[in-house]
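# Coordinate inspection notes
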Amino acid sequence: MQFHLETDEWKLLADVLLEQDARQYGELLNKVLARESRLDSGELEQAADLLADKKRSLKEEIAREPDTALKTEMQRQLALLERVLERVNEACVMF
């Protein structure tokens, strides 16, 4: 399935993958770094799962963050993450 991400969205997905085990997600990371927009259903599902996990943890971090400026930046990241997750989920449904 081919889907479209903006530059900042590719970067966010790559950052999420870089936080994972390279042995398990190395191939997917390489495709993301190359901005290869053709991913199979398994890769899309892996990306969706990782993004959903990151969304949950970021929401928890935001709830605990006392610094308003940092909290605002984290909320901006959360909005971007939610946008990427939505696009990946749409691609999963279309597959």
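To be clear, the structure that these remarks concern was listed above.
These lines cover the structure that appears in this document, whether it is placed above or below.

Here is what the cut-offs are and how they apply
Residues numbered from 1 in each chain as written. Predicted model: local features only at pLDDT ≥ 70, side-chain atom pairs only at ≥ 80, totals over all residues. Heavy atoms only, no water. Helix = DSSP H or I, 4+ residues; strand = E, 2+ residues; numbered from the N terminus. Rg over C-alpha atoms; globule rule 2.2 N^0.38 Å. Buried < 20%, exposed > 50% of the residue type's maximum accessible area, 1.4 Å probe, protein only. Contact = heavy atoms within 4.5 Å. Areas by Shrake-Rupley, 256 points an atom, 1.4 Å probe, with all protein chains shown as cover. Lys, Arg positive; Asp, Glu negative; His and termini not counted. Charge placed at Lys NZ, Arg CZ, Asp CG, Glu CD. Axes fitted to C-alpha atoms, helices over the stretch in contact; angles between N-to-C directions. Parallel < 35°, antiparallel > 145°, perpendicular 65-115°, else oblique. Nonpolar A, V, L, I, M, F, W, Y, C, P; charged D, E, K, R; others polar. Left-handed = near helix turned anticlockwise from the far one by under 90°. Salt bridge = Lys/Arg side-chain N within 4 Å of Asp/Glu carboxyl O.

### Quick notes on the overall build of the protein
Looking only at helices and strands, the protein has 4 helices and 0 strands in total. If you list the helices and strands of the protein from N to C, you get α-α-α-α. For 95 residues, the compact-globule estimate of 2.2 N^0.38 gives 12 Å, and the C-alpha radius of gyration of the protein, at 14 Å, lies within 12% of that figure. Within the protein, buried positions represent 36% of all 95 residues. Taking contacts inside the protein between residues at least 6 apart in sequence as the whole, the part at least 24 apart equals 64%. Carbon and sulfur atoms make up 48% of the accessible area of the protein, which totals about 5,900 Å². Put simply, the protein has 14 plus and 21 minus side-chain charges, and the middle of one group is 2 Å from the middle of the other.

### Examining the packing of helix α2 (residues 22-33) against helix α3 (residues 41-64)
At a closest axis distance of 11 Å, the pairing of α2 and α3 adopts a crossing angle of 100°. It follows from the interaxial angle that α2 and α3 lie roughly perpendicular. In this structure, α2 uses Gln24, Tyr25, Glu27, Leu28 and Lys31 to contact α3, whose residues at the interface are Glu43, Gln46, Ala47 and Leu50. In the contact of α2 with α3, the residues fall into 4 nonpolar, 2 polar and 3 charged.

### Comments concerning unusual backbone geometry
Backbone geometry at Arg35 places phi at a positive 55°, although glycine is not the residue there. With respect to the helices, strands and loops of the structure, Arg35 is situated in the loop between α2 and α3.

### Remarks on the packing of α3 against helix α4 (residues 68-94)
Packing of α3 against α4 leaves a shortest axis separation of 9 Å and a crossing angle of 160°. Here α3 is positioned roughly antiparallel relative to α4, judged by the angle of their axes. Between α3 and α4 lies a crossing whose hand is left-handed. Residues of the contact of α3 with α4, tallied by class, amount to 16 nonpolar, 3 polar and 7 charged.

### So, the pattern of salt bridges
Considering all chains together, one arrives at 10 salt bridges under this definition. Note that Asp8 and Arg83 form a salt bridge whose closest N and O atoms lie 3.3 Å from each other. Linking Asp8 in helix α1 (residues 7-18) with Arg83 in helix α4, this pair joins segments that are 75 residues apart in sequence. When the shortest N-O distance is used, the salt bridge between Asp53 and Arg56 registers 2.2 Å. In this pair, Asp53 and Arg56 both sit in helix α3, 3 residues apart, roughly one turn of the helix. On the basis of relative accessibility, which here comes to 47%, the residue Arg56 falls in the partly exposed class. If you follow the salt bridges from partner to partner, you end up with Asp8, Glu9, Arg83 and Arg87 in one network.

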